[in-house]
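Next come the chains, spelled out residue by residue.
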Amino acid sequence: MLIEAVQHGFKKVSVLLPADNGAAIAMFQGIGFEGEALLRDQLCSPEDGELRDVVILAHLVDEQWATMRTGGFEDALT
């Protein structure tokens, strides 16, 4: 996903996840995404009809690209 974002010239990539999905949040944070917002009562659970919170995580692709270029990974992205 991040490589495609760089190839398309994106500056930022965001994901919206259920706030109670700790595994997915940890995975995205592990690859450099950071929390940007918590939105209360945004998803309706199909199991019980309860409203759930969501988090928005974002990654600044420009920063990732600069790091990869410095590390010599530029050819892998083209």
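Note: the structure precedes this text.
Here's a quick rundown of the structure. Computed from a predicted model, the values in this text were never measured in an experiment.

Let's talk about the nonpolar core
Step number 1: Val-13, Val-15, Leu-17, Phe-28, Phe-33, Leu-57 and Val-61 are the most contacted members of the largest nonpolar core, which has 13 residues in total.
Step number 2: When contributions to this core are tallied by element, the ones reaching two or more residues are helix H1 (2-7), strand S1 (12-18), helix H2 (22-30) and strand S3 (51-60).
Step number 3: When near neighbours in sequence (up to four residues on either side) are disregarded, Leu-57 contacts Val-13, Ser-14, Val-15, Leu-17, Ile-25, Phe-28, Gln-29, Phe-33, Glu-34 and Gly-35.

Side note on the packing of aromatic side chains
Step number 1: One pass over the full model with this rule turns up one aromatic pair.
Step number 2: Between Phe-28 and Phe-33 the ring centres are 5.1 Å apart and the planes differ by 80°, which places this aromatic pair in the edge-to-face class. Summarising the burial analysis for this pair, Phe-28 and Phe-33 share the class buried.

Quick notes on the pairing of S3
Step number 1: Summarising the sheet, S1 and S3 pair through seven bridges and their orientation is antiparallel. Pairing of Pro-18 across the sheet is with Val-54, part of S3.
Step number 2: Direction of pairing for strand S2 (residues 34-44) relative to S3: antiparallel, over a ladder of seven bridges. Each residue of the ladder has a partner; that of Glu-34, found in S3, is Ala-58.
Step number 3: Hairpin connection from S2 to S3: six residues lie between these consecutive antiparallel strands, with Gly-49 at a positive phi of about 75°.

With respect to the environment of Ser-45
Step number 1: Assignment of secondary structure puts Ser-45 in the loop between S2 and S3.
Step number 2: Put simply, Ser-45 and Pro-18 are 27 residues apart on the chain and 10.0 Å apart in space, counted from C-alpha to C-alpha.
Step number 3: If near-sequence neighbours (up to four positions away) are discounted, Ser-45 is found in contact with Glu-50 and Arg-52.

Examining the side chain of Ser-45
Step number 1: Residue class for Ser-45 comes out buried when judged on its relative accessible area of 8%.
Step number 2: A polar contact is formed between the side chain of Ser-45 and the side chain of Asp-48, at a distance of 3.2 Å.

Structural notes on the environment of Ile-3
Step number 1: One can find Ile-3 in helix H1.
Step number 2: Classification of Ile-3 by relative accessible area gives partly exposed; the value is 42%.

Calculation rules
Position labels on residues start from 1 in each chain and follow its written sequence. pLDDT decides what is reported in this predicted model: residues at 70 or higher carry local features, side-chain atom pairs at 80 or more are listed and counted, and totals for whole chains, interfaces and linings draw on all residues regardless. Side-chain metrics in this entry use all non-hydrogen atoms of the structure; hydrogen atoms and water are not considered. Buried Ala, Val, Leu, Ile, Met, Phe, Trp, Tyr and Cys residues form a nonpolar core when they are joined through side-chain atoms within 4.5 Å. Relative accessibility thresholds used throughout: buried, under 20% of the residue-type maximum; exposed, over 50%; partly exposed, between the two (1.4 Å probe, protein chains only). Comment: elements are numbered from the N terminus, with helices defined as DSSP H or I runs of at least four residues and strands as E runs of at least two. Contact criterion: two residues are considered in contact whenever any of their non-hydrogen atoms come within 4.5 Å of each other. Centres within 6.5 Å are what make two rings of Phe, Tyr or Trp a pair, Trp counting through its six-membered ring; a difference in plane orientation under 30 degrees is then read as stacked, over 60 as edge-to-face, and the rest as tilted. Here, strands pair whenever DSSP counts at least two bridges between them. Whenever two N or O atoms come within 3.5 Å, that pair is a polar contact, provided that in protein one can donate a hydrogen and the other can accept it, and provided that, for residues adjacent in sequence, both atoms are side-chain atoms.

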